[in-house]
Amino acid sequence: MTANKPNQMWGGRFGEAPSDVMVQINASIDVDKRLYKQDIQGSIAHSEMLVAQKILKPDEGRKIQDGLRNILAEIESGQFVFSTALEDIHMNIESRLKDLIGDVAGKLHTARSRNDQVATDMRLWVKEAIASVIAEIGAFQTVLDAQSKAHEKTVMPGFTHLQIAQPVTLGLHLQAYSDMMARDKSRFADCLERMDENPLGACALAGTRHDIDRKMTAKALGFRQPVRNTMDAVSARDFLLEFLSAASICSIHLSRLAEELIIWSTTQFNFIRLGDKFTTGSSIMPQKKNPDAAELVRAKSGRIAGNLMQLLMVMKALPLTYNKDMQEDKAGVFEAYDAVILCLRASAGMIGDMNVNKEKMLADAGSGYSTATYLADWLVKNLDVPFRQAHHITGQIVAMAEKKGQRLDEMSLADMQAAEPRITQDVFNFIRISEQK
Ligand code: ARG
């Protein structure tokens, strides 16, 4: 026995109520209630257009719009009771509208379907989300750029294969991330540019026989224009795939930085100390300061990229047009958005707050024969030796230094000259690194 009632939106054709399991699998309200603002915004624009086209009478339009504004206030003040039986945000709002204004509420859904409605809501939501992500990336870049400037002359080892390669500056290293963030911003902006079209008016899939004005609703909702093809309008989700893909790439960038912060803050590296605000202690080991925020930024990139895969798999091979599978498009997008915002804030916090150990960075910058390339370059510049040969001579010098347990700049000139007699004292100025003034 089920206590469910036949659906009030389409009960006419149905003899039996849905089973509990059907109600459970079908409901999306827990996820899509997040679209309440966009849903109401879309409904107000739609009803205004219906009035302008004389499909609704002005007083009907007014009742509907006032009712919708009351519902918005109810939701924002936490009074609204969401119902699983009413499935989704669209029917929760429409049903409440009927409670508030009576049967005229039923006229709102003229020349509309939940298919174009949900596609419109999602596009409106993603447009706002992109604006916030771009602003958050910008804030992170400000922090990166300030640290980059402050450490313009802070020498540190640059790595390839996580082996010390050549000296660089911390400024150069951090600037690389600022440039990645600039590209991430442009990826989000590009996604916004392409998705800025209004699905509303496509109705279920084939448009409507009512004389609607799709340009009017597009303008009212701030879209550039209506989506041209009604079948595409209700079934396209590539704008979500692009959003998730931009979020994934951005989070992968953040995970690389997080990994570096984790490595740099180990006792072994000791390049930086992360601030107390972005670390945790251990409940058993009193000496510990763990880079949890960085680790979570690193881990959340997996969740975000996973959500991209999830939606790609949902959309794969779906025939046109709307399929209920597409209801599963929202949770991953919302989660990815929340995670990417949080990761950007945590990354900005850690970078802004970190303490840099310049002495250790400088000392390590000169270790591991990191200036061997400089020595080879000196040979090329001053002795006109072909680079391949200079590379070979330098290799011999490094081998000799290694045998003696010396750094390159600690070697005697005589030892260097054993490999190449024409080397002069001034080579040491070329290969020695020091804190830049
Ligand atoms: N809750 C649905 C979704 O998110 C709304 C669209 C339902 N359309 C339908 N034809 N059943 O996809």
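A quick note: this is a predicted structure, and the numbers were derived from the prediction, not measured.

1. Some details on the overall build of the chain
Consideration 1: The helix and strand tally for the chain stands at 17 helices and six strands.
Consideration 2: Relative to the globule expectation of 22 Å for 437 residues, the C-alpha radius of gyration of the chain, 31 Å, shows a markedly less compact shape.
Consideration 3: Along the longest, intermediate and shortest principal axes, the C-alpha atoms of the chain span 100 × 55 × 40 Å.
Consideration 4: Taking all 437 residues of the chain together, 47% fall into the buried category.

2. Some details on the environment of aspartate 145
Consideration 1: Mapped onto the elements of the fold, aspartate 145 is located in helix H6 (residues 114-150).
Consideration 2: The partly exposed category is assigned to aspartate 145, whose relative accessible area is 39%.
Consideration 3: Polar side-chain contacts of aspartate 145 include one of 2.7 Å to the side chain of serine 178.

3. Quick word on the site of the ligand
Consideration 1: Taken together, Ser28, Asp32, Asp88, His90, Arg114, Asn115, Val118, Tyr322, Gln327 and Lys330 make up the full set of residues near the ligand.
Consideration 2: With three residues, H6 is the single largest residue contributor to the shell around the ligand.

4. A few points about the packing of aromatic side chains
Consideration 1: Evaluation of the coordinates by the stated rule reveals six aromatic pairs.
Consideration 2: Centroid distance phenylalanine 80 to phenylalanine 82: 4.8 Å. Interplanar angle 55°. Geometry classified as tilted.
Consideration 3: Ring centres 5.2 Å apart and planes at 80° place the aromatic pair tryptophan 125 and tyrosine 337 in the edge-to-face group. With a gap of 212 residues between them, tryptophan 125 in helix H6 and tyrosine 337 in helix H12 (residues 330-353) connect regions that are remote in the sequence. For the residue pair tryptophan 125 and tyrosine 337, the accessibility class agrees, reading buried in each case.
Consideration 4: Feature note: the residues Trp125, Phe334 and Tyr337 constitute an aromatic cluster, connected by ring pairs.

5. Focus on the pairing of strand S2 (residues 163-169)
Within a regular strand, side chains alternate between the sheet's two faces.
Consideration 1: Examined bridge by bridge, strand S1 (residues 155-160) and S2 share six bridges and lie antiparallel to one another. When the bridges of S2 are listed, methionine 156 appears paired with valine 168.
Consideration 2: Linkage of S1 to S2, two consecutive antiparallel strands, is achieved through a turn of two residues, within which histidine 161 is found at a positive phi near 55°.

6. As for the environment of isoleucine 44
Consideration 1: If you trace the backbone, isoleucine 44 turns up in helix H3 (residues 36-52).
Consideration 2: Exposure remark for isoleucine 44: the relative accessible area of 13% places this residue in the buried category.
Consideration 3: Separated by 260 residues in the primary sequence, isoleucine 44 and isoleucine 304 have C-alpha atoms spaced 33 Å apart.

7. Thoughts on the pattern of salt bridges
Consideration 1: Inspection of the entire model under this criterion finds 30 salt bridges.
Consideration 2: The shortest N-O distance in the salt bridge between aspartate 409 and arginine 407 comes to 3.3 Å.
Consideration 3: Look at arginine 407 and you get partly exposed, because its relative accessible area is 29%.
Consideration 4: Linked through salt bridges whose partners overlap, the residues forming this network are Glu87, Asp88, Arg114 and Lys324.

8. As for unusual backbone geometry
Consideration 1: With an omega dihedral of 0°, the bond running from leucine 320 to threonine 321 counts as a cis peptide bond.
Consideration 2: Although it is not a glycine, histidine 161 adopts a positive phi angle of roughly 55°.
Consideration 3: Turning to its location among the elements, histidine 161 is positioned in the loop between S1 and S2.
Consideration 4: A positive phi angle, near 55°, is found at aspartate 384, a position not held by glycine.

9. Side note on the nonpolar core
Consideration 1: Formed by 83 residues in total, the largest nonpolar core has its most connected members in Phe140, Phe188, Phe243, Trp264, Ile272 and Met354.
Consideration 2: With 15 residues, the top contributor of residues to this core is helix H10 (residues 238-264).
Consideration 3: Non-local contacts of methionine 354, meaning those with residues more than four positions away in its chain, are made with Gln147, Leu170, Leu174, Leu261, Ile272, Arg273 and Leu274.
Consideration 4: Leu383, Ala390, Ile397 and Ile431 belong to the second-largest nonpolar core, a separate cluster that totals 19 residues.

10. Observations regarding the packing of H3 against helix H4 (residues 58-76)
Consideration 1: The interhelical angle for the contact between H3 and H4, taken along N-to-C directions, is 170°, at an axis separation of 9 Å. Relative to H4, the element H3 is oriented roughly antiparallel. The residues of H4 that touch H3, namely those facing Tyr36, Lys37, Ile40, Ser43, Ile44, Ser47, Glu48 and Val51, are Pro58, Gly61, Ile64, Gln65, Leu68, Arg69, Ile71, Leu72, Ile75 and Glu76.
Consideration 2: Residue composition of the contact of H3 with H4, grouped by class: 10 nonpolar, four polar and four charged.

11. Focus on a nonpolar patch on the surface
Consideration 1: A cluster of nonpolar side chains, namely Leu205, Met231 and Leu320, defines an oily patch on the protein surface of about 280 Å² accessible area.
Consideration 2: Within the secondary structure layout, methionine 231 lies in helix H9 (residues 230-235).
Consideration 3: According to the relative accessible area criterion, methionine 231 is partly exposed, its value standing at 36%.

12. Details of the side chain of aspartate 32
Consideration 1: Tracing the sequence through the fold places aspartate 32 in helix H2 (residues 29-32).
Consideration 2: Buried and without a salt bridge, aspartate 32 has lysine 330 as its closest oppositely charged side chain, separated by 5.1 Å.
Consideration 3: A polar side-chain atom of aspartate 32 sits 3.0 Å from the main-chain amide nitrogen of isoleucine 89.
Consideration 4: If we skip the residues at most four places from it in the chain, aspartate 32 touches Asp88, Ile89 and Lys330.

About the cut-offs
Residues numbered from 1 in each chain as written. Predicted model: local features only at pLDDT ≥ 70, side-chain atom pairs only at ≥ 80, totals over all residues. Heavy atoms only, no water. Helix = DSSP H or I, 4+ residues; strand = E, 2+ residues; numbered from the N terminus. Rg over C-alpha atoms; globule rule 2.2 N^0.38 Å. Buried < 20%, exposed > 50% of the residue type's maximum accessible area, 1.4 Å probe, protein only. Polar contact = N/O pair within 3.5 Å; in protein donor to acceptor, adjacent residues only side chain to side chain. Near = heavy atom within 4 Å. Phe/Tyr/Trp six-rings, centres within 6.5 Å; stacked < 30°, edge-to-face > 60°. Pairing = 2+ DSSP bridges. Salt bridge = Lys/Arg side-chain N within 4 Å of Asp/Glu carboxyl O. Core = buried A, V, L, I, M, F, W, Y, C linked by side-chain atoms within 4.5 Å. Contact = heavy atoms within 4.5 Å. Axes fitted to C-alpha atoms, helices over the stretch in contact; angles between N-to-C directions. Parallel < 35°, antiparallel > 145°, perpendicular 65-115°, else oblique. Nonpolar A, V, L, I, M, F, W, Y, C, P; charged D, E, K, R; others polar. Patch = residues over 30% accessible without salt bridge, like charges linked within 9 Å, V, L, I, M, F, W, Y side chains within 5 Å. Areas by Shrake-Rupley, 256 points an atom, 1.4 Å probe, with all protein chains shown as cover. Lys, Arg positive; Asp, Glu negative; His and termini not counted.

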